[in-house]
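Survey of secondary and tertiary structure
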Amino acid sequence: MADVVQYRLERMVDELDDLERRGIFTRAEISEIVKQRRKFEYRLKRPSPLKQDFLAYIDYESRLDELRRLRRKAVVSVQSGEDKKKKSISDYAGVAKIVEIYRLATRRFKGDISLWFKYLEFCRQKRNGRMKKVLAQVIRFHPKVADVWIYAAAWEFDRNLNVAAARALMQNGLRVCPHSEDLWVEYLRMELTYLNKLKVRRVALGEGEGSLVREKKNAEDEQWKDENKELFMSLDDKEEKDKDGSGVDDDEDDDDEDASERVDVFKEKGSNVLQAIYGGAVDALPSSFDLRRRFLEILEATDLAHSDDIRNTILSDLKRDFSSDPEYWNWLARQEMSGCLSVEFANPQMQKAIQVFEEGSQTVTSSSMFEMYIQFLMEAIERSNGDNDDMSSSSDSSGEFISHLITVYENADATGCLTEELANDYVSLYLTLGRTDDALKLAEKLCSGKFAGSAKLWLSRVSIETRSLSSDSTPSKADLQSVFELLSNALKNVPIAESESLWLMAFKIFAQQKKYFDKLIEMSILAVAKGNNGSDPVFCLASVVVKLVFEAKGIHSARVIYKRFLALPRPGLVLYKDCIEIETNLASQGDKDSLRNVRKLYDSAVASYSQDVELWKAYYSLETQMGTSETANGVYWRARKTLKESADFVVGS
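Side note on the overall build of the protein
The helix and strand tally for the protein stands at 32 helices and zero strands. Here the protein, with 653 residues, has 41% of them falling under the buried criterion. Pairs at least 24 residues apart make up 61% of the contacts formed inside the protein by residues separated by at least 6 positions. When the accessible surface of the protein is summed, it comes to about 36,500 Å², and 49% of that surface belongs to carbon and sulfur atoms.

Section: helix H4 (residues 51-77)
Taking 1.5 Å per residue, 27 residues should reach 39 Å; H4 reaches 39 Å between its end C-alpha atoms and fits that length. Those residues of H4 lying buried are Asp 53, Phe 54, Leu 55, Tyr 57, Ile 58, Tyr 60, Glu 61, Leu 64, Asp 65, Arg 68, Arg 72 and Val 76. Against helix H2 (13-21), helix H3 (27-44), helix H5 (90-108) and helix H6 (113-126) lie the buried residues of H4.

Quick look at the pattern of salt bridges
Counted under the stated rule, the structure contains 43 salt bridges. Asp 59 is the partner of Arg 63 in a salt bridge, and the nearest nitrogen-oxygen pair spans 3.2 Å. Taken as a pair, Arg 63 and Asp 59 lie in helix H4 at a separation of four residues, close to a single helical turn. We note a salt bridge from Asp 438 to Arg 435, for which the minimum N-O separation is 2.9 Å. By relative accessible area, which is 28% here, Asp 438 ends up partly exposed. The network of salt bridges with common partners includes Asp 18, Arg 21, Arg 22, Asp 65, Arg 68, Arg 72 and Asp 91.

Focus: the confidence of the model for the protein
Across the protein, the average pLDDT comes to 85, with 86% of residues at or above 70. At the level of individual helices and strands, the protein shows its lowest average pLDDT in helix H12 (residues 237-244), which scores 47, and its highest in helix H9 (residues 163-176), which scores 95. Low pLDDT, under 50, characterises residues 231-241; the stretch is placed with eight contacts to residues that sit more than four places away or in other chains.

Description of the environment of Arg 599
Here Arg 599 is to be found in helix H30 (residues 592-608). Excluding residues that lie within four positions of it along the chain, Arg 599 makes contacts with Tyr 619, Glu 623, Met 626, Gly 627 and Thr 631. Within the local environment of Arg 599, its side chain forms a polar contact with the side chain of Glu 623, the two groups lying 3.0 Å apart.

Let's talk about the side chain of Arg 8
Topologically, Arg 8 is positioned in helix H1 (residues 2-10). Since its relative accessible area comes to 16%, Arg 8 is described here as buried.

Some thoughts on the environment of Arg 640
Turning to its location among the elements, Arg 640 is positioned in helix H32 (residues 629-642). A C-alpha to C-alpha distance of 9.5 Å links Arg 640 and Trp 616, two positions 24 residues apart in sequence. Residues contacting Arg 640, with those up to four places away along its chain left out, are Ser 646, Ala 647 and Phe 649.

A closer look at unusual backbone geometry
One non-glycine residue, Arg 127, lies in positive phi territory at about 50 degrees. By the secondary structure assignment, Arg 127 is in the loop between H6 and helix H7 (131-141). Its identity as a non-glycine residue notwithstanding, Leu 161 has a phi of 55 degrees, on the positive side. Here Leu 161 lies in the loop between helix H8 (146-159) and H9.

Quick word on the packing of aromatic side chains
Aromatic ring pairs are reported here in terms of the distance separating the ring centres and the angle at which the planes meet. Scanning the entire structure with this criterion turns up 28 aromatic pairs. For the ring pair Tyr 328 and Trp 331, a centre distance of 6.5 Å and an interplane angle of 35 degrees mean the geometry is tilted. Here Tyr 328 and its partner Trp 331 are both found in helix H16 (residues 326-336), three residues apart, which amounts to about one turn of the helix. Like Trp 331, Tyr 328 is buried. Following the ring pairs from residue to residue traces out a cluster consisting of Tyr 102, Trp 116, Tyr 119, Phe 122 and Phe 141. The lysine or arginine in question, Lys 39, covers the ring of Phe 40, its NZ or CZ lying 5.2 Å from the ring centre. Across the ring face of Phe 141, the terminal group of Arg 140 is positioned such that the distance to the ring centre comes to 4.8 Å.

Comments concerning the packing of helix H15 (residues 307-322) against H16
Two numbers describe how H15 lies on H16: the axes approach to 10 Å, and their chain directions differ by 150 degrees. Taking contact as the criterion, the partners of Arg 311, Leu 315, Leu 318, Lys 319 and Phe 322 in H15 are, on H16, Tyr 328, Trp 329, Trp 331 and Gln 335. Its residues assigned to classes, the contact of H15 with H16 comprises six nonpolar, one polar and two charged.

Looking at the side chain of Ser 594
Among the structural elements, Ser 594 can be located in helix H30. Ser 594 has contacts with Arg 559, Glu 583, Leu 586 and Ala 587, leaving out every residue within four places of it along the chain.

Scoring rules and cut-offs
Residues numbered from 1 in each chain as written. Predicted model: local features only at pLDDT ≥ 70, side-chain atom pairs only at ≥ 80, totals over all residues. Heavy atoms only, no water. Helix = DSSP H or I, 4+ residues; strand = E, 2+ residues; numbered from the N terminus. Buried < 20%, exposed > 50% of the residue type's maximum accessible area, 1.4 Å probe, protein only. Contact = heavy atoms within 4.5 Å. Areas by Shrake-Rupley, 256 points an atom, 1.4 Å probe, with all protein chains shown as cover. Expected span 1.5 Å × (residues − 1). Salt bridge = Lys/Arg side-chain N within 4 Å of Asp/Glu carboxyl O. pLDDT = per-residue confidence, 0-100. Polar contact = N/O pair within 3.5 Å; in protein donor to acceptor, adjacent residues only side chain to side chain. Phe/Tyr/Trp six-rings, centres within 6.5 Å; stacked < 30°, edge-to-face > 60°. Lys NZ or Arg CZ within 6 Å of the ring centre and 35° of its normal. Axes fitted to C-alpha atoms, helices over the stretch in contact; angles between N-to-C directions. Nonpolar A, V, L, I, M, F, W, Y, C, P; charged D, E, K, R; others polar.

Have a look at this one:
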């Protein structure tokens, strides 16, 4: 290894001597450069060099070459004559060194495509003549990566100005990667860009006008120009002459006709190219909606012959192949709104978009279809309201949108497409509008139907019911009983794993009502006994109840409750840890009963979860802090004997 590193360093002698001779670096700086390079070379020659080693070396050499370039500029500024233009070995050695490191890195990590692209970008920026060779290598190693073919074709087209080579690369890429959307789209862009360049060249020669790029017209600007025509002066002499009756010569007419015919050749050619590539792309990717959408966007951005016919063909193909896809109807409706400035319900474009959504909801009866429809209407309401967030005091146009939105929710409910999320948004809409009674009726209907197990809807219903309690300082017994029965019904229907918010709300409402608080505790014990499956859920009801009882009634009541929970089959580890935490905090304050209880809890926990290393470590830590050396050693040897992987049980000194 040392011989190889020394050999590579000796090859740098000429470069370093040149840097010192030209006054770019001092001898001390060159010594530091050699020291850093030796360190990097040793890292590259170890048995398994890392990718980061190569990248760090490249970064160092790049910064060093940039510093050399700046210093050379400063040195050259004080020189005169031919010395300014004369280049030496040090001017090329830095780039050559980085290329060599990249070559070693890509040979070591052939499968790292990001590393190859960094190599390509470096060659493109430095223009060192290795681009074609590197492109050939990366195509050989990664022929299935579409981005490689696109990059190679783009370089040939933009940098090398070789359209034939770029086209050949694209076509070879499509043979190898026929299912790449990006490759098909970029191939079309390249062909149309080439045709546009040819047309612009003809225009520069005075043989035509315009280009294949369609001008994007802003609706507001066009409207302003129409209203202020008198501010603009026509520069078209031919129009003025025609209006005055002074015609032009027949030869000029013939020339204009020939020019228009020549210009149309490019439009025809572009139209043919688009149709050919579109046909091949659809055959290769018949189920890709996004591909056809992107083709349509390109068509609308270019000025081609028969563009309307091609657009209608693509739209009819989309409807034929994707009429069962909600994404198609959502896209089609939003297309109707493109360029629309006024967000009014009576706007013709808005009506067309709503009509598209209505047709889509009848064709595709799915929840995702209604979700997109509702999202579209909500966006329209927000744009219609502007800065006003209060929907209850919205404008007449927003009122029409809201009325239609409620109708859409009703249709979703009638067709069975109402999901839990949509149902919750449905109730929230009524609450936002201030229609509390309607929201309550809807919540009652949904909770008694297919969403009886939805925690969100029960929470909304209970929140509406308890608004009257929060407004009254002293709620009546009948109101408390009604809310308790409602919460009891909710807690029975909702699975325990999803009912955290309901339990917390129940304990919060009845925190000062001892009778109902005790009933909730009994209900929680029964719920844990029924729903305990031996696993630790994200929400541990038993732990929550123990903490609430501890805060409300003290440690003695909390001990009674957690002992009842621990007596149930398969108590969770979360419950053990929370109980241990409560008792440990009290033991640290000098409570001897708590120390005995925490030891009992640990003994019970390690009996149930004997292979939990962290639990044994916590037990041992407790004994070292609050117990004696004898009790700590006892826990240590128990853990070593019990754990199957006893090597994992490592404690600090």
